Amino acid sequence: MKHTIKMSLLVFLIGLVIPCIAIAGSATLHWQPNTEPDLAGYRIYYGTSSRSYGSYIPVGKNTTSYTINNLTEGQTYYFALTAVDTSGNESGYSEEVSKTIASISPPVSSVTLTASPSSPQVAGTAVTFSASASGGSGSYEYCFW
C-alpha cells in the first residue's frame, strides 16, 4: 500500500511540474551613440502593440546595447529608443523595430524528482521533493505546488 501511494504521488507531481515549465525569450537592442555633449542617457520602450509601449527602461549614456529578458515565446514585441539630455528633455521615439520571440521546443530532455520522506511514513508526514533537469537551453521556471 505504501508503495502504491508513493508511486501515485510521484506520478501526480510529475504531472504538475512538467506543464509548468515556462520558457522565456530575450531581445537584444543595439544602437549608434548619441554624440550630443549634454546626453544623460537613453530610455528603451517596448510593448506588444506597435507604438503602444508600457513604462521605459532607463539606460546610461555610455550604453549602446541592452538585452531585455523574460519575454514570452510566440509573442511579438515592439521597441523604440529615446535620448534624454541633462535637463531632462526627451527626444522623439527612434524608428520602431519588432521581434517575435521564437517558440522553443520542450527545453528539457529529462526531469528527475527525488523524494526524501520523513520516517516513519504515515499519513500527514512531510515529504520533501527536489527536481533537476537536463538538456535544452534557455531560461526555465519550474513550479511546485
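Because the structure is a prediction, the values reported are computed rather than measured.

In this section: the side chain of Arg-43. By the element assignment, Arg-43 lies in strand E2 (residues 39-47). Within the local environment of Arg-43, its side chain forms a polar contact with the side chain of Glu-90, the two groups lying 2.9 Å apart. Residues in contact with Arg-43, not counting those within four places in the same chain, are Tyr-56, Ile-57, Ala-80, Leu-81, Thr-82, Val-84 and Glu-90.

The next subject is the nonpolar core. Core analysis: the largest hydrophobic core is formed by 15 residues, its most contacted members being Trp-31, Tyr-42, Ile-44, Ile-68, Leu-71 and Phe-79. Here this core gets four residues from one element, more than from any other, and that element is strand E5 (residues 76-85). Beyond its immediate sequence surroundings of up to four residues, Ile-44 is in contact with Leu-29, Trp-31, Ser-55, Tyr-56, Ile-57, Val-59, Tyr-66, Ile-68, Ala-80 and Leu-81.

Read across the open sheet, the four strands follow the order E3-E2-E5-E6; overall the sheet is antiparallel. A strand with exactly one partner marks an edge of an open sheet, and here the two such strands are strand E3 (56-60) and strand E6 (97-100). For this sheet, the mean angle separating the axes of adjacent strands, direction not counted, is 30°. Note that E2 and E3 share five bridges and pair antiparallel. Within E3, the position partnered with Ile-44 by the bridge is Ile-57.

Cut-offs applied
Residues numbered from 1 in each chain as written. Predicted model: local features only at pLDDT ≥ 70, side-chain atom pairs only at ≥ 80, totals over all residues. Heavy atoms only, no water. Helix = DSSP H or I, 4+ residues; strand = E, 2+ residues; numbered from the N terminus. Polar contact = N/O pair within 3.5 Å; in protein donor to acceptor, adjacent residues only side chain to side chain. Contact = heavy atoms within 4.5 Å. Core = buried A, V, L, I, M, F, W, Y, C linked by side-chain atoms within 4.5 Å. Buried < 20%, exposed > 50% of the residue type's maximum accessible area, 1.4 Å probe, protein only. Pairing = 2+ DSSP bridges. Axes fitted to C-alpha atoms, helices over the stretch in contact; angles between N-to-C directions.

Function cannot be inferred from these measures alone, as they are strictly geometric.
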